[in-house]
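# A structural walkthrough
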Amino acid sequence: MSIRPIYLDCYATTPVDERVLPAMLPYFTEKFGNPASISHVYGWESEAAVKQTREILAAAINATPEEIVFTSGATEANNLAIKGVAEAYFKKGQHIITVATEHSAVIDPCNYLKSLGFEITILPVQKDGLIDLTELKKALRPETILVSVMAANNEIGVLQPLAEIGEMCHEHQILFHTDAAQAIGKIPLDVQAMKIDLMSLTAHKVYGPKGIGALYVRRRNPRVQLAPQQHGGGHERGMRSGTLYTPQIVGFGKAVEIALAEQETETQRLTQLRQKLWEKLSQVEGIHLNGHPQQRLAGNLNISVEGVDGAALLLGLQPVMAVSSGSACSSANTAPSHVLTALGHSEKLAYTSVRFGIGRFNTEEEIDIVAKHAIATIQSLQNKR
Ligand SMILES: *Cc1c(COP(=O)(O)O)cnc(C)c1O
């Protein structure tokens, strides 16, 4: 096999940390019990493992274990939160507010609700990717039941002001949901201090396994009502039926535990690597940084390049680095990233964007190689014009 490119796509997914896998393995074979089996030890040991992850996740966001509902990932958690609230509260009101830069797993459920007759306000963002709180305030109506604003953006890494949004929502008795798929384990999260009512989580962006996530659902002040989107055996307090996937749940807990323990040092390390990469790339004429320069995830660098063809750029980078343009989830579609166009970019500049997702296993040496190759590629393409 030839040498593989340097992996710099940690906002699409991450590898399972080698400390996570061994914790999962026994739950595939000898500890295979169904956590819902209450009459024997096979069930009890699985249930104990599930409980442990519930406790880890709850502690990570300052919630209680009963407020954690396991799902197959953040896509399902977002669907459950948004459609579940819409269905449970439609008599109170039928207006939902979200943001132009949200992940499609938030935008699409909102569009679906729109097709059913709900009113959806999609807030614009400022040039730096942050929402304008006065715009949010203006958008609130008596019939608004939910505000959904992501914690950290998957393309440009921008961190939205959660505490301010939560404060505003609670003041108006509107539920606040946040998609924290990119935030858990990377930045401090506190559902009490930030007044968050629903929070979507996933394991595979923090070195846990794919196919497992969770939705935090507030139980007190207020107690959030949620219409289940999947009916069956009544698991997860009736909010999400289906046999729990114990090995993945164990991996999720272990991954979050590690990420929290290393959060501070890792944030510092990744910030240094990102700054190093940006210092080098910003020497080249026509390279722009996308998103707020400071209020962003430590390992995220997203750039647009003037005077090059987007497809040629990616092709040139490919042998050396695994990066993506636009959002990885929609790389099958050729439209420019909706996140970059929301920043006010022309379609052309939105097409020539590159997202460097630096993560736990990247080294300084790799960043040097990446910078050197990226600069050479960009300059040679610019010179061709
Ligand atoms: C990856 C991601 C999702 C989807 O999560 P899955 O667990 O893959 O379903 C949703 N929102 C954001 C912001 C993401 O980065």
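Residues numbered from 1 in each chain as written. Predicted model: local features only at pLDDT ≥ 70, side-chain atom pairs only at ≥ 80, totals over all residues. Heavy atoms only, no water.

### Comments concerning the packing of aromatic side chains
- All told, the structure shown has two aromatic pairs when counted by the stated rule.
- Ring plane angle 90° and centroid distance 5.5 Å describe the contact between Y207 and F361, whose orientation is recorded as edge-to-face. Here Y207 is found in the loop between β7 (198-202) and β8 (213-217), whereas its partner F361 is found in the loop between β12 (353-357) and α11 (364-384), with 154 residues between them in sequence.
- On the basis of relative accessible area, F361 is assigned to the partly exposed category, the value being 45%.
- One Lys or Arg, K83, reaches over the ring of Y112 and ends 5.2 Å from the middle of that ring. (Phe/Tyr/Trp six-rings, centres within 6.5 Å; stacked < 30°, edge-to-face > 60°. Helix = DSSP H or I, 4+ residues; strand = E, 2+ residues; numbered from the N terminus. Buried < 20%, exposed > 50% of the residue type's maximum accessible area, 1.4 Å probe, protein only. Lys NZ or Arg CZ within 6 Å of the ring centre and 35° of its normal.)

### Some remarks on the domain arrangement of the chain
- Once the domains are mapped, the chain shows domain 1 (6-14 + 263-383) and domain 2 (21-256).
- With 28 residues of domain 1 at the contact, the number on the domain 2 side is 30 residues.
- Both faces considered, domain 1 and domain 2 share a buried interface measuring about 2,400 Å² in area, 53% of it formed by carbon and sulfur atoms.
- Our count for the domain 1 to domain 2 interface comes out at zero salt bridges.
- In this assembly, domain 1 and domain 2 are joined by 16 residue pairs in polar contact (both at pLDDT 80 or more).
- Mapped onto the side of domain 1 that touches domain 2, the elements with two or more residues apiece are α7 (246-281), β10 (300-305) and α9 (338-342). (Domains from an automatic or database assignment. Contact = heavy atoms within 4.5 Å. Buried area = accessible area lost by both parts, 1.4 Å probe. Salt bridge = Lys/Arg side-chain N within 4 Å of Asp/Glu carboxyl O. Polar contact = N/O pair within 3.5 Å; in protein donor to acceptor, adjacent residues only side chain to side chain.)

### Here we look at the nonpolar core
- Counting 55 residues, the largest nonpolar core has I61, F70, L136, V147, L189, M199 and F252 as the members making the most contacts within it.
- The leading source of residues in this core is helix α2 (residues 41-61), at six residues.
- Lining this core are residues from two domains, each supplying at least three of them: domain 1 (6-14 + 263-383) and domain 2 (21-256).
- Excluding its chain neighbours within four sequence positions, the residues that come into contact with L189 are A60, I61, L162, A180, A183, I184, M194 and M199.
- In terms of nonpolar packing, the next biggest core, distinct from the first, is built from 27 residues, V323, I358, V370 and L381 among them. (Core = buried A, V, L, I, M, F, W, Y, C linked by side-chain atoms within 4.5 Å.)

### Notes on the packing of α7 against α11
- The interhelical angle for the contact between α7 and α11, taken along N-to-C directions, is 20°, at an axis separation of 10 Å. Relative to α11, the element α7 is oriented roughly parallel. For the crossing formed where α7 meets α11, the hand is right-handed. Here L273, K276, L277, K280 and L281 of α7 lie close against α11, whose contacting residues are E364, I367, D368, V370, A371, A374 and I375.
- Class assignment of the residues belonging to the contact of α7 with α11 gives a composition of eight nonpolar, no polar and four charged. (Axes fitted to C-alpha atoms, helices over the stretch in contact; angles between N-to-C directions. Parallel < 35°, antiparallel > 145°, perpendicular 65-115°, else oblique. Left-handed = near helix turned anticlockwise from the far one by under 90°. Nonpolar A, V, L, I, M, F, W, Y, C, P; charged D, E, K, R; others polar.)

### So, a nonpolar patch on the surface
- On the surface, V16, L21, L25, F28 and Y245 cluster together to form a nonpolar patch covering roughly 450 Å² of accessible area.
- Among the structural elements, F28 can be located in the loop between α1 (21-24) and α2.
- On the accessibility criterion, F28 (43% relative accessible area) is partly exposed. (Patch = residues over 30% accessible without salt bridge, like charges linked within 9 Å, V, L, I, M, F, W, Y side chains within 5 Å. Areas by Shrake-Rupley, 256 points an atom, 1.4 Å probe, with all protein chains shown as cover.)

### Digging into the site of the ligand
- Every residue near the ligand is listed here: G73, A74, T75, H103, M150, N154, D179, A181, Q182, T202, H204 and K205.
- The separation between an oxygen atom of the ligand and a polar side-chain atom of Q182 is 2.7 Å.
- At 2.6 Å, a side-chain N or O of T202 approaches an oxygen atom of the ligand.
- Relative to its unbound accessible area of 380 Å², the ligand is 89% covered by the protein chains. (Near = heavy atom within 4 Å.)

### Considerations on the pairing of β12
- Among the five residues of β12, five are classified as buried, and the element is accordingly described as predominantly covered.
- Across the two faces of β12 the burial is the same, with S353, R355 and G357 and V354 and F356 all buried.
- Strand direction decides the pairing type here: β10 and β12, joined by five bridges, are antiparallel. If you follow L301 over to β12, its bridge partner there is F356. (Pairing = 2+ DSSP bridges.)

### A look at the environment of H170
- By the element assignment, H170 lies in helix α6 (residues 162-171).
- Between the alpha carbons of H170 and P228 there is a distance of 23 Å; along the sequence they are 58 residues apart.
- Ignoring anything within four residues of it in the chain, the contact list for H170 reads K195, D197, R218, N221 and P222.

### Observations concerning the sheet that holds β8
- Within the open sheet, the seven strands sit side by side as β2-β8-β7-β6-β5-β3-β4. Their pairing is mixed. The open sheet has two free edges, formed respectively by β2 (68-71) and β4 (119-123), since each of these has just one partner strand. Across the sheet, the mean angle from the axis of one strand to that of its neighbour is 20°, orientation sign disregarded.
- Sheet analysis places β2 next to β8, joined by four bridges and oriented antiparallel. Bridging from a neighbouring strand, V69 pairs with L215 of β8.
- Helix-sheet contacts for helix α4 (residues 104-115) involve β3 (95-99), β4, β5 (144-148) and β6 (175-179), and the interaxial angle to β3 is about 150°.

### A few points about the state of the cysteines
- Using the criterion set out here, one finds zero disulfides in the structure.
- Summary of cysteine pairing: C110 is not part of a disulfide, and the nearest cysteine sulfur, belonging to C169, is at 13 Å.
- On the basis of relative accessibility, which here comes to 1%, the residue C169 falls in the buried class. (Disulfide = S-S within 2.5 Å.)

### Concerning the pattern of salt bridges
- For the structure shown, the criterion picks out 18 salt bridges.
- Taking the shortest distance from any N to any O, the salt bridge between R54 and E236 comes out at 2.8 Å. One end of the pair, R54, is in helix α2; the other, E236, is in the loop between β8 and α7, and 182 residues separate them in sequence. Both residues of the pair, R54 and E236, belong to the buried class.

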